[in-house]
Amino acid sequence: MGPPGAGKTSVGRIVAQRLGLPAIDVDDDVLEKAWRMPVATKLAAVGGECFLEEEGQALCGFSAAGSVVSLSGSNPLHAAAMQHVARSGVVVYLDVAAEDILQRLSLMKVNRIVGQEAGVSMRDILGYRKQFYERWLDIRVLCGVGDTVEQVADKVVTAVERYHHPDAENYVSTRGDSESPARSRTHFSDVVIEGLAPDGGLYVPRGGFPKIDAREWLRLADMSYAELASAILEKCIHPSDVPAADLRAMTARAYGDNFSSPAVAPVRHLEGNQYVQELFHGPTASFKDLALQLMPQLFSHCLPPDCNFLVLVATSGDTGSAVLSGFGGLGGGGGEARGRTGVLVFYPQDGVSGVQKLQMASYCEGNARAVSVRADFDFCQRSIKRMFGEGGLAGHLAVEYGTVLSTANSINWARLLPQVVYHASAYLSLFREGVVRFGEPVDFCVPSGNFGNAMSALYAKRMGLPVGKVICASNRNRVIADFINTGEFDLRGRPLAATASPAIDILKPSNMERFLWHASGGDGRLVAELYGRLEREQRFVVAPSLLAAVQEEVQAGWCGERECAAVIRDVHRRTGYLMDPHTAVAKAVADRLQGGRAPVVICSTAHYGKFGPAVLGALQVEPAPKDPLEQLQRLGSLARCGPGVHRQVVRCVEGGSGQRPRVCPAEYGALVEQVEDMVEACFLRVM
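The rules we used
- Residues numbered from 1 in each chain as written.
- Predicted model: local features only at pLDDT ≥ 70, side-chain atom pairs only at ≥ 80, totals over all residues.
- Heavy atoms only, no water.
- Helix = DSSP H or I, 4+ residues; strand = E, 2+ residues; numbered from the N terminus.
- Rg over C-alpha atoms; globule rule 2.2 N^0.38 Å.
- Contact = heavy atoms within 4.5 Å.
- Areas by Shrake-Rupley, 256 points an atom, 1.4 Å probe, with all protein chains shown as cover.
- Salt bridge = Lys/Arg side-chain N within 4 Å of Asp/Glu carboxyl O.
- Buried < 20%, exposed > 50% of the residue type's maximum accessible area, 1.4 Å probe, protein only.
- Pairing = 2+ DSSP bridges.
- Axes fitted to C-alpha atoms, helices over the stretch in contact; angles between N-to-C directions.
- Core = buried A, V, L, I, M, F, W, Y, C linked by side-chain atoms within 4.5 Å.
- Phe/Tyr/Trp six-rings, centres within 6.5 Å; stacked < 30°, edge-to-face > 60°.
- Lys NZ or Arg CZ within 6 Å of the ring centre and 35° of its normal.
- Arc of directions from axis to C-beta.
- Parallel < 35°, antiparallel > 145°, perpendicular 65-115°, else oblique.
- Left-handed = near helix turned anticlockwise from the far one by under 90°.
- 1 Å grid on protein atoms, 1.4 Å probe; cavity = no way out; pocket = protein on both sides within 12 Å on 5 of 7 lines; lining within 4 Å.
- Points joined across faces, edges and corners; volume = space filled by probe spheres on them.
- Nonpolar A, V, L, I, M, F, W, Y, C, P; charged D, E, K, R; others polar.

Chemist: Which parts of the structure should I look at to understand the overall build of the protein?
Modeler: Scanning the protein for helices and strands turns up 32 helices and 19 strands. Compactness check: the protein gives a C-alpha radius of gyration of 27 Å against a globular reference of 26 Å for 687 residues, within 12% of the reference. Projecting the C-alpha coordinates of the protein onto the three principal axes gives extents of approximately 85 × 65 × 55 Å. For the protein, contacts bridging at least 24 residues in sequence account for 77% of all contacts bridging at least 6. When the accessible surface of the protein is totalled, it reaches about 26700 Å², and 50% of it is carbon and sulfur.

Structure, rendered in structure tokens:
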């Protein structure tokens, strides 16, 4: 299936020959035989509307088994005909670049296309028809710019083979034996719901990431963010878990008017060879929205029947409100799932900003709740992992309430995977603007706390994106920087320090485990041994060979509080651009480690308005306003370029919160009580 000029007949014949099947062309072998006249003659005789109906009726009366059938370009416009086709076979959509199609049609001098009339451009016809192709597809074959029919046929055969073998794409634990068949049936839909592997490890794809070739990347360059997300994620999520048409609908909902920038994640030139990717235009003003506007939809789609789920989340600030917003926004097809899903967020009482607390409180209603804990983020995250590992608690919730625990932190694969898209979007943005030619490297500097952002950049590189260096930027809690530079992961005598960049105030980055699994060549036993040692001794050291593999992939540095404030102040003085403390940490580290040869994208992970006191202090504003709303207004007046104050942050501060947050002590048992109380409130006891 595909538009006129997509090469359906030629590709169909090659595919049929390779599979040893007969080839059938609907135009030549069905319509013209039934009508006893050329298709162009029929179209001219009856007109477009009547032609579509007669063509559809002819297809409804056609059946073929064990064949490769090339549909006409207009077949998908007839719903009944396509329902008939969809019941009897697998529908493959040849998604060919419009420029390639227009070039072919100009050479073919085609005169049998429905809608081809005076005043209607062929580009308009192609644009109109795309919605119908995307409605009926089972498999999308993304054709690269300039692909030959032989290359497209290769992709079709590969895609059909993948479609018929869903068990070939499964997931293993970072702490498991990758050769063991015990987890061979763990599919994407399983890992979305489970979150954490039973052995305490994190899920990773057994077969690695699919490759996207250069011609396909060139196709992706002109797509919207939602289209880009769909095209990339279709290659990573098997259609038996999430059909391609459903995934495309999800990305369209996730990345639309809920973002304040049409580009979703725009890239802005900062200075020299440095560019800022603004990842804070979503509904909660942080980069977490790029994953969490989509992940709850994936969760809802994969939700098994007759079971309730409580999604547990530990947050150092931004994840909490993003999870609450994402799950709270489930509607339409996700409405029923929303009623069977509760969300419970734990956050460190003194480890998030005032605006972040207001944001979380603004989403707490119904099956959503946020609890303040008198501890740090690592305690909250460690406690949640412990809950997953305790069979007694899980069994009690399942038996008494029919409820299963899950998570929406980046330990959940479906939370991490969508983050690959914005790194691709940044590179393609620089390509479109002529900053790089495709294939030239671009470095990425990422504020690093739980290591998910950096890990997703490395995954984008594995998919074929020309990523140069991935630079991890830490604040005073520099455990990531120390490990990458020395090979020693040491938590002994290392208390968590409160900083102006609280989202990266983390000492046990979960996704480092995924990184070590990949860097070690998938050695789950080694990863299990290292993390077992970390639990027992609060320390591990990797072998020189593994350290070399780590340092080949990433670089790391850190930034103190004074330097962070100085960066905010100096960048504003030179450019008029306001950045939040996390972005400033990344800018400081990029200045030291980025060599200057390649452009560097600094991931700006949060809007400056969420950290008003820290930013105003860095700018040495005297006297600094005490009222949060006045702080936002003052910041807005200081931003001489770049984004103004984020509308959602303003609404949060204006609305305040009449709710007093629940507070619990730094005791594991107290957090378990909050879980049990939440389940009791959300779900009726099973009788």
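That was the structure; now back to the text.
Chemist: Sorry if this is basic, but what is going on with the pattern of salt bridges here?
Modeler: Oppositely charged side chains are able to pair whenever their charged atoms sit close together. Evaluated as defined, the whole model comprises 35 salt bridges. In this structure, Asp 154 and Arg 18 form a salt bridge, with 2.0 Å as the shortest nitrogen-oxygen distance. Highlighted residues: Asp 154 in helix H8 (residues 149-163) and Arg 18 in helix H1 (residues 8-19), separated in sequence by 136 residues. Residue class for Arg 18 comes out partly exposed when judged on its relative accessible area of 41%.

Chemist: Teacher, can you tell me more about the pairing of strand S12 (residues 403-407) here?
Modeler: Regular strands place side chains that alternate from one sheet face to the opposite one. Burial within S12 is extensive, with four of its five residues counted as buried. Pairing geometry for strand S9 (residues 308-314) and S12, over five bridges, is parallel. Its bridge partner being in S12, Asn 308 is matched across the sheet by Thr 403.

Chemist: I would appreciate a short explanation of the environment of Ala 263 in the present structure.
Modeler: Here Ala 263 lies in the loop between helix H12 (244-254) and strand S7 (267-271). Along the backbone, Ala 263 and Pro 623 are 360 residues apart, and their C-alpha atoms lie at a distance of 37 Å.

Chemist: Can you help me understand the sheet that holds strand S14 (residues 467-474) in this one?
Modeler: Two orientations exist for strands paired in a sheet by backbone hydrogen bonds: parallel and antiparallel. An order of S7-S8-S18-S13-S14-S17 is seen for the six strands of this open sheet, with the pairing classed as mixed. In this open sheet, the two strands that pair with only one neighbour each are S7 and strand S17 (554-558). Averaged over all pairs of adjacent strands, the angle between strand axes in this sheet comes to 30 degrees, irrespective of strand direction. Examined bridge by bridge, strand S13 (residues 442-447) and S14 share five bridges and lie parallel to one another. Bridging from a neighbouring strand, Pro 447 pairs with Ala 473 of S14. Helix-sheet contacts for helix H21 (residues 419-432) involve S7, strand S8 (274-278), S13 and strand S18 (600-604), and the interaxial angle to S13 is about 140 degrees.

Chemist: So what exactly am I meant to see when it comes to the nonpolar core here?
Modeler: Grouped burial of nonpolar side chains is what soluble globular proteins tend to show. Of all hydrophobic cores here, the largest spans 117 residues; its most connected members are Phe 188, Leu 220, Tyr 255 and Leu 516. Phe 280, Ile 504, Val 585 and Ala 588 belong to the second largest nonpolar core, which has 32 residues in total.

Chemist: Before we go on, may I ask you to explain the side chain of Asn 511 in this structure?
Modeler: Locating Asn 511 in the fold gives a position in the loop between strand S15 (488-490) and helix H24 (512-519). With sequence-adjacent residues up to four places away left out, Asn 511 is seen in contact with Leu 202, Ser 410, Leu 416, Asn 450, Phe 451, Gly 452 and Met 455.

Chemist: I would appreciate a short explanation of the environment of Phe 259 in the present structure.
Modeler: Along the chain, the position of Phe 259 falls in the loop between H12 and S7. For Phe 259, a relative accessible area of 5% puts it in the buried group. C-alpha of Phe 259 to C-alpha of Pro 283: the two residues are 24 residues apart in sequence and 6.3 Å apart in space. In this structure, Phe 259 is in contact with Ala 254, Val 264, His 281, Gly 282, Asp 289, Leu 290, Gln 293 and Arg 647, ignoring residues within four places of it in sequence.

Chemist: What's the story with the packing of aromatic side chains in this structure? I'm lost.
Modeler: Ring pairs (aromatic) are described by centroid distance and by the angle formed between their planes. For the coordinates displayed, the defined rule picks out 18 aromatic pairs. Ring centres 6.1 Å apart and planes at 90 degrees place the aromatic pair Phe 431 and Phe 438 in the edge-to-face group. Clustering of aromatic rings is evident, with ring pairs tying together Tyr 171, Phe 209, Trp 413 and Tyr 459. Arg 386 extends its terminal NZ or CZ atom over the ring of Tyr 668, reaching a point 3.8 Å from the ring centre.

Chemist: Sorry, what's going on with helix H5 (residues 79-88) here?
Modeler: Each α-helix turn comprises 3.6 residues. Residues three or four places apart therefore point the same way. Those residues of H5 that sit buried are Ala 81, Met 82, His 84 and Val 85. Down the axis, H5 shows its buried residues gathered within 155 degrees of arc, on one side only. Buried residues along H5 sit against helix H4 (48-60) and helix H7 (122-136).

Chemist: I'm lost on the packing of helix H11 (residues 225-236) against H21 in this one. Help?
Modeler: Packed helices, taken two at a time, are described by their axes: the angle between them and the distance between them. At a minimum axis separation of 10 Å, H11 and H21 run at an interaxial angle of 120 degrees. Classified by the angle between their axes, H11 and H21 sit oblique to one another. The chirality of how H11 crosses H21 is right-handed. Where H11 approaches H21, its residues Tyr 225, Leu 228, Ala 229, Ile 232 and Leu 233 are matched on the opposing element by Val 421, Tyr 422, Ala 424, Ser 425 and Leu 428.

Chemist: Even after reading the chapter, I still don't get empty space enclosed by the protein, so can you show me in this structure?
Modeler: Using a probe with the size of a water molecule, rolled over the atoms, empty space left in the structure can be pinpointed. A full pass over the atoms with the stated rule returns one cavity of 30 Å³ or more. In this model, the largest cavity occupies a volume close to 230 Å³. Forming the boundary of the largest cavity are 25 residues, of which Phe 287, Lys 288, Gly 449, Asn 450 and Ala 503 lie nearest the centre. Considering every element that reaches the lining of the largest cavity, the biggest residue donor is helix H22 (residues 452-462), with three residues. Here the residues of the lining of the largest cavity are counted per class, giving ten nonpolar, 13 polar and two charged.

Chemist: Can you help me understand the packing of H22 against H24 in this one?
Modeler: With their axes 10 Å apart at the nearest point, H22 and H24 run at an angle of 35 degrees to one another. Listed contacts from H24 to Met 455, Leu 458, Tyr 459 and Arg 462 of H22 are Arg 514, Phe 515 and His 518. Classifying every residue of the contact of H22 with H24 gives four nonpolar, one polar and two charged.

Chemist: Would you mind going over the sheet that holds S12 with me for this structure?
Modeler: With parallel pairing, five strands are arranged side by side in an open sheet as S12-S9-S10-S11-S19. At either end of the open sheet lies a strand with only one pairing partner, and these are S12 and strand S19 (662-664). Each strand axis lies, on average, 30 degrees off the axis of its neighbour in the sheet, ignoring direction. The sheet contact formed by S9 and strand S10 (residues 341-348) spans six bridges and is parallel. Each bridged residue has a counterpart across the sheet, and for Leu 312 the counterpart in S10 is Leu 344.

Chemist: Is there a simple way to think about unusual backbone geometry in this case?
Modeler: Comment: phi is negative for the bulk of residues other than glycine, and the bulk of peptide bonds are trans. Here the amide bond leading from Glu 622 into Pro 623 is cis, since omega sits at -5 degrees, within 30 degrees of zero. Relative to the helices and strands, Pro 623 resides in the loop between helix H29 (612-618) and helix H30 (628-638). If you check the backbone angles, Gln 538 has positive phi at about 65 degrees while not being a glycine. Position of Gln 538 among the secondary structure elements: in the loop between helix H25 (524-537) and strand S16 (539-541).

Chemist: Please explain helix H15 (residues 318-328) as it appears in this structure.
Modeler: Summarising burial for H15: ten of the eleven residues are buried, a large majority. If you check which residues of H15 are buried, you get Asp 318, Thr 319, Gly 320, Ser 321, Ala 322, Val 323, Leu 324, Ser 325, Gly 326 and Phe 327.

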